[in-house]
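As a plain string of letters, each chain reads:
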Amino acid sequence: MIDGILMLHVVTLLACAVAIYLSCEWFVNAVEWLGLRLKVGPLAVGTVLAAFGTALPESVVTFVAVVFGSGSEQKDIGVGAAMGGPLALATAAYGVTGFMLLTRRRKVASAETNAARGEDVGDTRKLARDQRWFLTIFVVKVALGLVTFAFKPALGLLFFAAYGVYFWRELRAEPGGGDDAVDLEPLRLQRRRATPATWAVVTQALVTLVIIFVASQLFVHALEAIGPMIGLPAAVTALLLSPIATELPEIMNAIIWVRQGKTHLALANISGAMMIQATVPSGLGILFTRWRFDGPLLLSGVVTIIAILFLLVALNTGRFTGRTLTWAAAFYGVFAACLIPILV
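Residues numbered from 1 in each chain as written. Predicted model: local features only at pLDDT ≥ 70, side-chain atom pairs only at ≥ 80, totals over all residues. Heavy atoms only, no water.

### Some thoughts on the overall build of the chain
Next, step 1: Each helix and strand counted, the chain has 13 helices and zero strands in total.
Next, step 2: Across the chain, helices and strands are ordered from the amino to the carboxyl terminus as α-α-α-α-α-α-α-α-α-α-α-α-α.
Next, step 3: Across the 344 residues of the chain, 51% fall into the buried class.
Next, step 4: For the chain, contacts bridging at least 24 residues in sequence account for 83% of all contacts bridging at least 6.
Next, step 5: Total accessible area on the chain stands at roughly 15,500 Å², and carbon and sulfur atoms take up 70% of it. (Helix = DSSP H or I, 4+ residues; strand = E, 2+ residues; numbered from the N terminus. Buried < 20%, exposed > 50% of the residue type's maximum accessible area, 1.4 Å probe, protein only. Contact = heavy atoms within 4.5 Å. Areas by Shrake-Rupley, 256 points an atom, 1.4 Å probe, with all protein chains shown as cover.)

### A few points about the confidence of the model for the chain
Next, step 1: Put simply, the chain has an average pLDDT of 84, and 87% of its residues get 70 or more.
Next, step 2: The least confident element of the chain, judged by mean pLDDT, is helix α4 (residues 114-121) at 46; the most confident is helix α11 (residues 295-316) at 94.
Next, step 3: Of the regions scoring below 50 in pLDDT, residues 109-118 engages in six contacts with residues more than four places distant in sequence or in other chains.
Next, step 4: Here residues 178-182 is a poorly scored stretch, pLDDT under 50, and it has three contacts once near neighbours within four places are set aside; other chains count. (pLDDT = per-residue confidence, 0-100.)

### Looking at the packing of aromatic side chains
Next, step 1: By the definition in use, this model includes eight aromatic pairs.
Next, step 2: Centre to centre, the rings of Y163 and Y166 are 5.9 Å apart; their planes meet at 40°, and the pair counts as tilted. On the criterion of helical spacing, the pair formed by Y163 and Y166 is a turn pair, its members being three residues apart in helix α6 (residues 156-172). Here Y163 matches Y166 in class, with each residue buried.
Next, step 3: Taking the centre distance of 6.3 Å and the plane angle of 50° together, the rings of Y163 and F167 count as tilted. Placement of the pair is Y163 and F167 together in helix α6, with a separation of four residues, close to one helical turn.
Next, step 4: Among the residues examined, Y163 registers a relative accessible area of 10% and is labelled buried.
Next, step 5: Every member of this aromatic cluster is reached through a ring pair, and the members are W133, Y163, Y166 and F167.
Next, step 6: Note that R169 overlies the ring of W133, its terminal NZ or CZ placed 4.6 Å from the centroid. (Phe/Tyr/Trp six-rings, centres within 6.5 Å; stacked < 30°, edge-to-face > 60°. Lys NZ or Arg CZ within 6 Å of the ring centre and 35° of its normal.)

Listed below in structure tokens is the structure:
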């Protein structure tokens, strides 16, 4: 019976992963057209529109856990999600992006040309600025997890304000339209139309977002059920595996966009999602919980900070390539190696 249940959960995992990937293909197709309709800059499509959609599932989980959770355990789940998301993005998501860049370069005959190298690097100045923004906010939220004082909950509002400033800056940073519009594939819902109807763009974006949300939640629940069956403590599953599952949409988007040669959008989606994760879920956690870190949460914060410092050094020294990005995933391995002895 146990083997049958385990197999059912494994099949659920595989089915959800396929559903998330296919839905992400339709989602990125729709969000690019949505960016054109809203006349936002090409990078804002990744940092704002796509990031908002893919970060929504984790933000909803945190919101429900910290606002409507009846006990401390439920609220802790929300705090864990607020810390685990940025860690997975700063390590695994960037690592997968680097791996895809290396794979794509091998398939391109002119991979050693300046153009190919430019794709590896992307817009380093803007990406470095985004990472510095994230690092500053993230260090503050980790520091708040180490202290207690009367007006700390009110500081959660500052995190919402910080994302509001970032959101406003991204939309005003660059003009919309431009040459990127030429590279848009036909909308999947209206393949025969050169310019799709607005209702079709919005419908495709919303429907695929709902599918991504539902499939992501089913994936997480199946993963949490499999963990104890294969001998993993529930805490290890929650802190080590669930963050990867909740960040699958961003990872899938990165795979799709790099495969399409739109590396700048892949990197923008990750950095934009990181900004949301550093502000909105954190603000909710600070407002509605004690926001005090234990050993595992503090470890996740420290590893995330180290991973971002690694990326910033690579950006500032001109070594931000697919090979360097791939090494970012190693920090998640470091987190796992340090976490398991703490929890087991």
